[in-house]
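Residue-level structural notes
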Amino acid sequence: MEKEQVVTLIEAFKDFKEEKNIDRPVMMGVLKDVFMTQITKTFGSSDNFDVIVNVDKGTCEIYQNFEIVETVENPNAEMTPSQVAKETGDDDYEIGDTYTRKMPLSAFGRRGILNIRQNLQGRIMDIEKANVFKKYSAKVGEIFTGEIYQTWSKEVLILDEDGNELHIPKSEQIPGEHFKKNDTVRAIIKTVEMKNNTTPYIVLSRTSPEFLERLFEQEVPEIVDGLITIKKVVRVPGERAKVAVESYDERIDPIGACIGVKGGRILGIVHELRNENIDVLQWTSNPSLLIQRALNPAHVSSVDLGSDPSDKVKVYMQPDEVKKGIGRGGCNIQLAGMLVGREIEVWRELPKDSFNEEEEDVLLSEFSNEIDQWVLDRLQSIGCDTAKSVLALSPDDIAKRADLEDETVTEVIAILKAEFED
């Protein structure tokens, strides 16, 4: 029975070690520590005990050391010569000697053995959690490829080859994409957290700009070789992205290298991102020129950066260029602002002879007493700086692009129309 209990504990520990991929020295160190802890609980002290772990054989032996005394005061640490002689048949022990007895596992009792087993599993689980945390913390920013194990409305669950859970929250999924069980998915490892000492919570992301950057690194060898540098990536996931690149080798066209022959390199990335439009542009440290490149295909007449870095950037365009510059839902102008780290306003540049006295337009700023300033700011942010530029748009278009309520749009239009009535 004794041998069976030892074998059961050791074999269970071996199985656990192999399953969780824990180093044998660490495993044996934990085994020794757990036994010493249980010895202290059972006998009050572990000072006179030795636990010997054989790493190669995977065995554990426990020895209890007794001091030979004339009168026993602590039966867990002391014995008389007669007691030793009775137990071993050896009467050569004298006062002051040390007698060592191999302690059977049954000395712990059934409850003690159960405690050892539970403590072993608990300690190994802690080590396994720490190993997972360390492993994935070192991989933050790398692309992970795996199969969908389970899908819920708020997140998608993926299991790695060791059965560890990785999560893609809804907020980190590209809008409109849907996953099914066993689908293969690629995402970047975004964060690794320990929540309340539970299993590490690993978050994957498909909306992060870094994910797009890693995809370019996989598709464009020149980036990995250091011939092309990605200076900045900005995204509105599922809609559009802008990637600013630079090459220090004049012989290399960084934009052409990223796009590939007939779009061969970038098409795979676009497909991975659910047909997200990707603009690749040449990086420059000149903010005015960078804004002009970012607003392509719209032609920019001029750029006013203001006198302070916190000022809004004013971009002037011809009326027929404004819609292209702003983009669908303001996406293009938003990304250009993210690229330079400034808020950008689009202003219409009206030709001096575009209207006569009878057709004279009125700046929106003239309506500050009738229309709230925040509403005027919203209208100007979509390129409408005059009354007629607003009236030229449909109410639905104004509401969507300026993010205004229908009632607010109706009131604004009524105020502006009244200005031109006789």
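What you see is a predicted model; the values in this text were computed from it and never measured.

Below, the discussion takes up the environment of Gly 44. Along the chain, Gly 44 turns up in the loop between helix H2 (24-43) and strand S1 (49-54). Classification of Gly 44 by relative accessible area gives exposed; the value is 57%. Along the backbone, Gly 44 and Asn 76 are 32 residues apart, and their C-alpha atoms lie at a distance of 8.8 Å.

Within the secondary structure layout, Asp 249 lies in the loop between strand S11 (240-247) and helix H7 (254-259). Within polar-contact distance, the side chain of Asp 249 engages the backbone nitrogen of Arg 251 at 2.9 Å.

In this section: the pairing of strand S8 (residues 184-193). The pairing of strand S5 (residues 143-151) with S8 spans five bridges and is antiparallel. Bridge assignment links Thr 145 to a residue of S8, and that residue is Arg 186.

So, on to the sheet that holds strand S12 (residues 277-282). Ordered by their spatial adjacency, three strands build an open sheet running S10-S11-S12, and the pairing between neighbours is mixed. Each having just a single partner strand, strand S10 (228-236) and S12 make up the two edges of the open sheet. Here the average twist between neighbouring strands, direction ignored, is 20°. The sheet contact formed by S10 and S11 spans eight bridges and is antiparallel. Within S11, the position partnered with Thr 229 by the bridge is Glu 246. Across the sheet, helix H5 (residues 209-219) touches S10, S11 and S12, and the angle it forms with S10 is around 140°. Each of S10, S11 and S12 touches helix H11 (residues 331-340); the most contacted strand, S10, lies at about 135° to it.

With seven of ten residues buried, H11 lies mostly within the body of the structure. Close packing links the buried residues of H11 with S10, S11, S12, helix H9 (287-294), helix H10 (319-326) and strand S15 (344-348). A positive phi of about 70° marks Gly 341, the residue just after H11.

Residues with a pLDDT of 70 or more make up 91% of the chain, whose mean pLDDT is 85. Predicted confidence is poor over residues 354-358, with pLDDT under 50, and the contacts of this stretch with residues over four places away or in other chains come to three contacts.

Within the secondary structure, Ser 389 sits in helix H13 (residues 387-391). Engagement of the side chain of Ser 389 in a polar contact is seen with the backbone oxygen of Thr 386, the distance being 2.6 Å. Filtering out sequence-adjacent residues up to four positions away, Ser 389 remains in contact with Arg 348, Asp 361 and Cys 384.

Further remarks concern the sheet that holds S5. With respect to topology, five strands assemble into a closed barrel ordered S5-S6-S7-S9-S8, the strand pairing being mixed. Between one strand and the next, the sheet's axes are offset by a mean angle of 55°, whatever the strand orientation. Judged from the five bridges that link them, S8 and strand S9 (residues 201-205) form a sheet pairing that is antiparallel. The residue of S9 that forms the bridge with Ile 189 is Leu 204. Where helix H4 (residues 109-137) meets the sheet, its contacts fall on S5, strand S7 (165-169), S8 and S9, and the angle it forms with S8 comes to roughly 110°.

In the structure shown here, the tally under the stated rule is five aromatic pairs. Seen from their ring centres, Tyr 93 and Tyr 99 are 5.6 Å apart, and the 85° between their planes marks the pair as edge-to-face. On the basis of an interplanar angle of 40° and a centroid distance of 6.4 Å, the ring pair of Tyr 316 and Trp 347 is categorised as tilted. Of the two residues, Tyr 316 is situated in strand S14 (residues 313-317) and Trp 347 in strand S15; the sequence distance between them amounts to 31 residues.

With that settled, consider the pairing of strand S6 (residues 155-159). Among the five residues that make up S6, four are buried, leaving the element largely enclosed by the rest of the structure. One ladder, built from three bridges, connects S5 with S6; its direction is antiparallel. Bridged to Thr 151 within S6 is Val 156. Between S5 and S6, which follow one another and run antiparallel, lie three residues. Here S6 pairs with S7 via five bridges, running antiparallel. Residue pairing across strands places Ile 158 opposite Leu 166, the latter belonging to S7. The turn joining S6 and S7, which pair antiparallel and follow one another in sequence, is formed by five residues; a positive phi near 85° is taken by Gly 163.

Definitions and limits used
- Residues numbered from 1 in each chain as written.
- Predicted model: local features only at pLDDT ≥ 70, side-chain atom pairs only at ≥ 80, totals over all residues.
- Heavy atoms only, no water.
- Helix = DSSP H or I, 4+ residues; strand = E, 2+ residues; numbered from the N terminus.
- Buried < 20%, exposed > 50% of the residue type's maximum accessible area, 1.4 Å probe, protein only.
- Polar contact = N/O pair within 3.5 Å; in protein donor to acceptor, adjacent residues only side chain to side chain.
- Pairing = 2+ DSSP bridges.
- Axes fitted to C-alpha atoms, helices over the stretch in contact; angles between N-to-C directions.
- Contact = heavy atoms within 4.5 Å.
- pLDDT = per-residue confidence, 0-100.
- Phe/Tyr/Trp six-rings, centres within 6.5 Å; stacked < 30°, edge-to-face > 60°.

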